[in-house]
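# Summary of structural features
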Amino acid sequence: MRTLTLITAALAFALVLAGCTAGILYTHTVTPLTVNHQATPATGAEGESKIKQISLPIPYTYVGVRWGDISFGDLAREKGLQEFYYADLEHLSVLTIWQQDTVHLYGR
């Protein structure tokens, strides 16, 4: 019985550790920036803009470069959107070295 308990505890610990490691290795999430979708049209034009970052961990600091633009105003002007319906933020991270944020803007 004691051996079964130790095996179960070891398996549970390994699963938790694997989940923590997976979050460090790769993360891909989409978060709505607008929460009230009442009376929002489901169709329309879409604009997409990205900001990218490379970070190198060096002892006691990070050295990184970030480029791109995710401002709503510039994105709307570029895509010809006169009215915003809703927006989403997509985040991608690989090994915490490569990170990319994408704004999806929906409107007319």
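Residues numbered from 1 in each chain as written. Predicted model: local features only at pLDDT ≥ 70, side-chain atom pairs only at ≥ 80, totals over all residues. Heavy atoms only, no water.

Looking at where glutamate 78 falls in the secondary structure, it is placed in helix α2 (residues 72-79). For the pair glutamate 78 and glutamate 48, spaced 30 residues apart in sequence, the C-alpha to C-alpha distance is 9.9 Å. (Helix = DSSP H or I, 4+ residues; strand = E, 2+ residues; numbered from the N terminus.)

Here the protein chain averages 81 in pLDDT, and 84% of its residues register 70 or above. No element of the protein chain has a lower mean pLDDT than helix α1 (residues 2-25), which averages 65, and none a higher one than strand β1 (residues 26-32), which averages 91. (pLDDT = per-residue confidence, 0-100.)

Of note, the phi angle at tyrosine 60 is positive, near 75°, even though the residue is not glycine. Here tyrosine 60 is to be found in the loop between β2 (45-58) and β3 (61-68). A positive phi angle, close to 55°, is found at threonine 96, a residue other than glycine.

Its place among the elements puts serine 55 in strand β2. Serine 55 sits in the buried class, given a relative accessible area of 7%. At 2.8 Å, the side chain of serine 55 and the side chain of glutamine 53 are in polar contact. Serine 55 has contacts with Tyr62, Val63, Gly64, Thr96 and Ile97, leaving out every residue within four places of it along the chain. (Buried < 20%, exposed > 50% of the residue type's maximum accessible area, 1.4 Å probe, protein only. Polar contact = N/O pair within 3.5 Å; in protein donor to acceptor, adjacent residues only side chain to side chain. Contact = heavy atoms within 4.5 Å.)

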